[in-house]
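Analysis of the macromolecular model
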Amino acid sequence: MQVKIEESWREALAPEFEKPYFASLSQRLHAEKAAGKQIYPPGSQIFKAFELCPLPEVKVVILGQDPYHGYGQAMGLSFSVPDGVPAPPSLKNIFKEIEDDLGVKMSGRPNLEKWARQGVLLLNAVLTVRAGEPTSHSAIGWQEFTDAVIRCISEKREGVVFMLWGNYARSKAPLIDPYRHTILQAAHPSPLARGAFFGCRHFSQANAILRSEGLEPIDWQL
């Protein structure tokens, strides 16, 4: 796999691209494509989160698990789907929490590129998936790569707000220096969490933290 990734990330993560696990990961993806497997998101969008949010601009990290596995959904940004695609249940719950937390009305537009361009890294821990097979690429090496991404942000940036939703995302907390960054934890926005996500107020908290650091808050309204 030819790695086309934004330059600041390419420089910061250069050692990862030379490691055996990354070569193995690339070979695995090539082999699956050669065998006729459909992989999401499209190759040009695998590193889209990095393209839209360069390392020096990261203010907030929202960590997802793996891409949506339905046709036309995955676009390289955690929780986001392209315009014209119905918002998945977790994203609808995120929008509801934003409305309750900030007192704004969300349009329901499911494309989160606006957030990414403001410094929100929408990072999935696993960057690809086989069509119709959730978590099918969870053990091929992506997690080693994205753990390195989280450590990189922790070490090279200051004052980033990490939103960790659900047990899986929370398991990444040890990768983050809590003295340099803020870690906000909550239940997952999935309906399976039975509403436990609601009331976390992460969006207003994140903006209050950014303001306290002299940074522009995120305009969460879509």
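Just above sits the structure.
Turning to the pattern of salt bridges, a few remarks are in order. As a working rule, side chains carrying opposite charge can pair if their charged atoms are close by. Enumeration according to the criterion identifies 13 salt bridges in this entry. A salt bridge links Lys-48 to Glu-113; its shortest N-O distance comes to 2.8 Å. Of this pair, Lys-48 sits in helix 4 (residues 48–52) while Glu-113 sits in helix 6 (residues 113–117); the two residues are 65 residues apart in sequence, bridging distant segments of the chain. Lys-48 sits in the buried class, given a relative accessible area of 13%. For Lys-172, the salt bridge is made with Asp-147, and the minimal N-O distance between the two is 2.8 Å.

Right, let's talk about the sheet that holds strand 2 (residues 60–64) for a bit. What the four strands build is an open sheet, ordered 3-2-5-6; its pairing is parallel. Edge positions in the open sheet fall to strand 3 (120–124) and strand 6 (182–186), since each of these has one partner strand only. Each neighbouring strand pair of the sheet contributes to a mean axis angle of 20°, computed without reference to strand direction.

What follows covers the nonpolar core. A general feature of soluble globular proteins is that nonpolar side chains tend to end up buried together. With 69 residues, the main nonpolar core has Trp-9, Trp-115, Trp-142, Phe-145 and Trp-220 as its most contacted residues. The residues contacting Trp-220, other than those within four sequence positions of it, are Val-60, Ile-62, Ile-98, Leu-102, Met-106, Trp-115, Val-120, Met-163, Phe-203, Ala-206 and Asn-207.

What follows covers the state of the cysteines. Following the criterion strictly, the structure yields zero disulfides and no others. Cys-152 carries a free sulfur, and the closest cysteine sulfur to it, the one in Cys-53, is 12 Å from it. Here Cys-200 is not disulfide-linked; the sulfur of Cys-53 is the nearest cysteine sulfur, at 20 Å. Taking the relative accessible area as the measure of exposure, Cys-200 reaches 14% and is therefore buried.

For the rest of this paragraph, the subject is empty space enclosed by the protein. For the coordinates displayed, the defined rule picks out one cavity of 30 Å³ or more. Of the residues that constitute the lining of the largest cavity, the class distribution is five nonpolar, two polar and no charged.

Cut-off values and rules
- Residues numbered from 1 in each chain as written.
- Predicted model: local features only at pLDDT ≥ 70, side-chain atom pairs only at ≥ 80, totals over all residues.
- Heavy atoms only, no water.
- Salt bridge = Lys/Arg side-chain N within 4 Å of Asp/Glu carboxyl O.
- Helix = DSSP H or I, 4+ residues; strand = E, 2+ residues; numbered from the N terminus.
- Buried < 20%, exposed > 50% of the residue type's maximum accessible area, 1.4 Å probe, protein only.
- Pairing = 2+ DSSP bridges.
- Axes fitted to C-alpha atoms, helices over the stretch in contact; angles between N-to-C directions.
- Core = buried A, V, L, I, M, F, W, Y, C linked by side-chain atoms within 4.5 Å.
- Contact = heavy atoms within 4.5 Å.
- Disulfide = S-S within 2.5 Å.
- 1 Å grid on protein atoms, 1.4 Å probe; cavity = no way out; pocket = protein on both sides within 12 Å on 5 of 7 lines; lining within 4 Å.
- Points joined across faces, edges and corners; volume = space filled by probe spheres on them.
- Nonpolar A, V, L, I, M, F, W, Y, C, P; charged D, E, K, R; others polar.

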